[in-house]
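Spelled out, the chains give:
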Amino acid sequence: MDIAIETKGLTKIFGRIIAVDRLDLKVEVGTVHGFLGPNGAGKTTTIKLILGLLKPDSGSINVLGFNGGGQRIDVRSRIGYMPELPKLPNFLKGRELLEIYSEIYGLSGMDKVNEVKRLLELVGLRDRANDLIGHYSKGMQQRLGLAQALIGDPDLVILDEPSLGLDPIGMVEIREIIKKIASEGRTVFLSSHLLNEVQQVCSHATVINKGMKIIEGSISNLLEKLSKPNEVIIELEKVTPEIIKAIRDLSFVEKVNWIGNKAEIFCSKKGDFRADISRAIINAGGIITGMRVEERSLEELFIELIKKRD
Amino acid sequence: MEKKTSSIKKFKALLRYEILWNLRKRKFQAILLIIILIQIISFILPLIFSSMANQSIQQDPYRALSPPSGFFMFLLAIAIGMNSIPEEFEHGRAHILFSKPVSRSMIFIAKVFAALIIITISYIILYLIGLGLSYIIYGPQEYIIISPILILGTLISTILYLSIVFFLGVTSKSSIIAALGSFGILIGLSIIVGILGVFTGQAWIADYIPGGGNSGRIVDSNMYIQTGTDALGVILSQFAINPNANVNITYVTDVKLGSNPTIVYESQIIPISQVALKALGVASAYILPLMILAWILFKRTEIKE
């Protein structure tokens, strides 16, 4: 598997604060990799190190097969970057900004015109292209920030908190654009503190806290790895001592909470035990009126992980 | 690796960015407008005074060879230079700019180059206004061919201020410090050197501070001239007109305080070539180290915020 970003023992210290602490990160080519962590976890610092905006105190960075990462101009020509709350030059018009950056990427003539047009359309800013950026709303600036990150057909797109500060509609719009970028086969490295966002958009994720990696893997693996045994909730027509006993006697049942005709069954093992539970209840003469498995979201797991590490 | 782009294309893109920025800056527009107005007034005022005194104005064939005063050169340098680098950091724009496939050296050079282009165009506009008014008020003008030298000299004088502003801007990453620091340095130096020069009888040291200098007259034409970096435009144009001219410079050598205070002057006749060379040397001695230091610091800057 080709690697788009690889850091080994990456460390950055600001005075007494260790912002990034011996971070080993691996982002595979063609994946949408979420970089998760609470505010101040070291996500932005790591991104700046990858882009060459900061110099590491120790450790190595390899981006698109080249050591030193974004410190090399030729590597930067293959990276698109959108910072957290992108600050764009207010004195330029949206179109001018994209034209200037396109020229930096070597586009000229009709290639430049077409690229700018394509990006403006992608982010839905075609009608406002000739307005000064200073007159754009936050959401529009965010979308333009995303457009400038896509100039020059980058192999790797790094997005730092792309939906930060947006209203729910803006968030959805940005996520749709990210999904579109990802569908074109690019590697997307997306930092976020919003787990919901990562779960919706990413195929892989690395979780960091206090500059250190906590866990990494594909989203499904992470959920699998982190998930605790399931909790099954059943609703019965009538609760009898036979049914209570039958459930309690199941080998995988750890604990049962009864609330009226409802039971919360906590399993000691991972797996889907709905069939076993149904069978036991029916054999005990019970009638099931409802059953569902309580799955835990990445968000809950994330909070738990961070608390555990703190 | 693919995606090689010519450096010229990148440089042109950066120049466009900088020039558009400067031209749209209200600060720059206001200062340029003020300088143009003051320049117009300085040409028209003598006409108003002479007509009030019912006198006809004296013809002056060299009147168009009058650059703006050093203070305005300084203001122009501040208006263009104070934001050029610091604002990229203050407003967080450096994140995106530095992540683009362009070297920091090229960004720095483009910023300096754009500033020079804008200052040069401003001076050309000022010169053309002055030339037009001079023709109308002071009669036919001579040595129009010298005007590029006048503009070049004035540009060098302004680059000296620009290098101070750029250096402070890079080191502090603050527009305010770049502007106020430059004011402080210039005012401070002028006061210290002025006091030192007068009270120690070493007024020549004024020639070695940015914008400083002494006054004198060109021996043959009796034309008033200043030494020092601010006057480079006039010095170089006079040198171009008559390379063998001599300048009679007056230095204050002593100040006697008491009931009957006296100022003692000393005159020195120096070839204009020497005056020009000294002013150029002093300007270079500031410009080169300050610009090189600013460039090195800019290259090494990390984006921590």
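Residues numbered from 1 in each chain as written. Chains lettered and ligands numbered in written order. Predicted model: local features only at pLDDT ≥ 70, side-chain atom pairs only at ≥ 80, totals over all residues. Heavy atoms only, no water.

Q: So what's going on with the domain arrangement of chain A? Residues and values would help.
A: Per the domain assignment, the segments of chain A are domain 1 (3–225) and domain 2 (228–294). For domain 1 of chain A versus domain 2 of chain A, the distance between C-alpha centres works out to 46 Å. (Domains from an automatic or database assignment.)

Q: I'd love a proper account of the pattern of salt bridges, names of residues and values included.
A: Under the criterion given, the structure shown has 27 salt bridges over all chains. Between Arg78(A) and Asp155(A) there is a salt bridge, and its shortest N-O distance comes to 2.6 Å. Of this pair, Arg78(A) sits in the loop between helix H2 (73–76) and strand S6 (79–82) while Asp155(A) sits in the loop between helix H5 (138–149) and strand S7 (156–160), and the two are 77 residues apart along the sequence. Taking relative accessible area as the criterion, Asp155(A) reaches 32% and is therefore assigned partly exposed. Residues Arg16(B) and Glu99(A) are paired through a salt bridge, measuring 2.9 Å at the closest nitrogen-oxygen approach. A residue pair is termed interchain when its members come from two chains, as with Arg16(B) in helix H1 (residues 7–24) and Glu99(A) in helix H3 (residues 94–104). Accessibility expressed as a relative area gives 26% for Arg16(B), which makes it partly exposed. (Salt bridge = Lys/Arg side-chain N within 4 Å of Asp/Glu carboxyl O. Helix = DSSP H or I, 4+ residues; strand = E, 2+ residues; numbered from the N terminus. Buried < 20%, exposed > 50% of the residue type's maximum accessible area, 1.4 Å probe, protein only.)

Q: Mind laying out the nonpolar core, listing which residues take part and the relevant values?
A: Residues Leu156(A), Ile158(A), Val188(A), Phe189(A), Phe98(B) and Phe108(B) are the most contacted members of the largest nonpolar core, which totals 163 residues. In this structure, Val232(A), Leu250(A), Ile265(A) and Ile277(A) belong to the second largest nonpolar core, which totals 16 residues. (Core = buried A, V, L, I, M, F, W, Y, C linked by side-chain atoms within 4.5 Å.)

Q: How would you summarise the sheet that holds strand S2 (residues 17–28) of chain A if you had to cite specific residues and measurements?
A: Residue and element names in this part refer to chain A. Strand order in the open sheet formed by four strands is S2-S1-S4-S5, with antiparallel pairing between adjacent strands. Since the sheet does not close on itself, it has two edges, and those belong to S2 and strand S5 (66–67), each with one partner. Where strand S4 (residues 58–63) and S5 come together, two bridges link them in antiparallel fashion. Across the sheet, Asn62 pairs through a bridge with Asn67, a residue of S5. Its contacts with the sheet place helix H1 (residues 43–51) against strand S1 (3–14), S2 and S4, and it is angled at close to 65 degrees to S2. (Pairing = 2+ DSSP bridges. Contact = heavy atoms within 4.5 Å. Axes fitted to C-alpha atoms, helices over the stretch in contact; angles between N-to-C directions.)

Q: An account of the pairing of strand S13 (residues 262–267) of chain A is requested, with residue identities and associated values reported.
A: Residues and elements named next belong to chain A. What you see with S13 is a clean split: Ala263, Ile265 and Cys267 sit on the buried side and Lys262, Glu264 and Phe266 on the side with no burial. In this structure, strand S11 (residues 231–236) lies alongside S13, joined through five bridges in antiparallel fashion. Counted as the bridge partner of Glu231 is Phe266 from S13. Bridge count between strand S12 (residues 253–259) and S13: six bridges; the pairing is antiparallel.

Q: Run through the packing of H5(A) against helix H6 (residues 168–183) of chain A, naming residues and quoting values.
A: Residue and element names in this part refer to chain A. Between H5 and H6, the shortest axis-to-axis distance is 11 Å and the interhelical angle comes to 10 degrees. What the angle tells us is that H5 and H6 run roughly parallel. Together, Gln142, Arg143 and Leu146 of H5 and Glu173, Ile174, Ile177 and Ile181 of H6 make up the contact between the two elements. (Parallel < 35°, antiparallel > 145°, perpendicular 65-115°, else oblique.)

Q: Residue-level account of empty space enclosed by the protein, with values.
A: All names here are of chain B. For the structure on display, the rule yields three cavities of 30 Å³ or more. Computed from the structure, the largest cavity encloses a volume of approximately 70 Å³. Lining the largest cavity, in full, are Gln39, Ala64, Ser66, Pro67, Pro68, Tyr123, Leu126, Tyr127, Leu150, Ile151 and Thr154. Here the lining of the largest cavity is built from residues that sort into eight nonpolar, three polar and no charged. (1 Å grid on protein atoms, 1.4 Å probe; cavity = no way out; pocket = protein on both sides within 12 Å on 5 of 7 lines; lining within 4 Å. Points joined across faces, edges and corners; volume = space filled by probe spheres on them. Nonpolar A, V, L, I, M, F, W, Y, C, P; charged D, E, K, R; others polar.)

Q: How would you explain the interface of chain A and chain B if you had to name every residue and give the values?
A: Every contact between the two is made by 39 residues of chain A and, on the other side, 32 residues of chain B. Here chain A meets chain B over a buried area of about 3,300 Å², counting both sides, of which 60% is carbon and sulfur. Seen at the junction of chain A and chain B, the total is four salt bridges. Glu96(A) is the partner of Arg24(B) in a salt bridge, and the nearest nitrogen-oxygen pair spans 2.7 Å. Along the contact surface separating chain A from chain B lie 14 residue pairs in polar contact (both at pLDDT 80 or more). Secondary structure elements with two or more residues in the side of chain A that touches chain B: S1, H1, H2 and H3 of chain A. Per-element accounting of the side of chain A that touches chain B gives the leading share, six residues, to H3(A). Across the side of chain A that touches chain B, the residue classes break down as 20 nonpolar, six polar and 13 charged. (Buried area = accessible area lost by both parts, 1.4 Å probe. Polar contact = N/O pair within 3.5 Å; in protein donor to acceptor, adjacent residues only side chain to side chain.)

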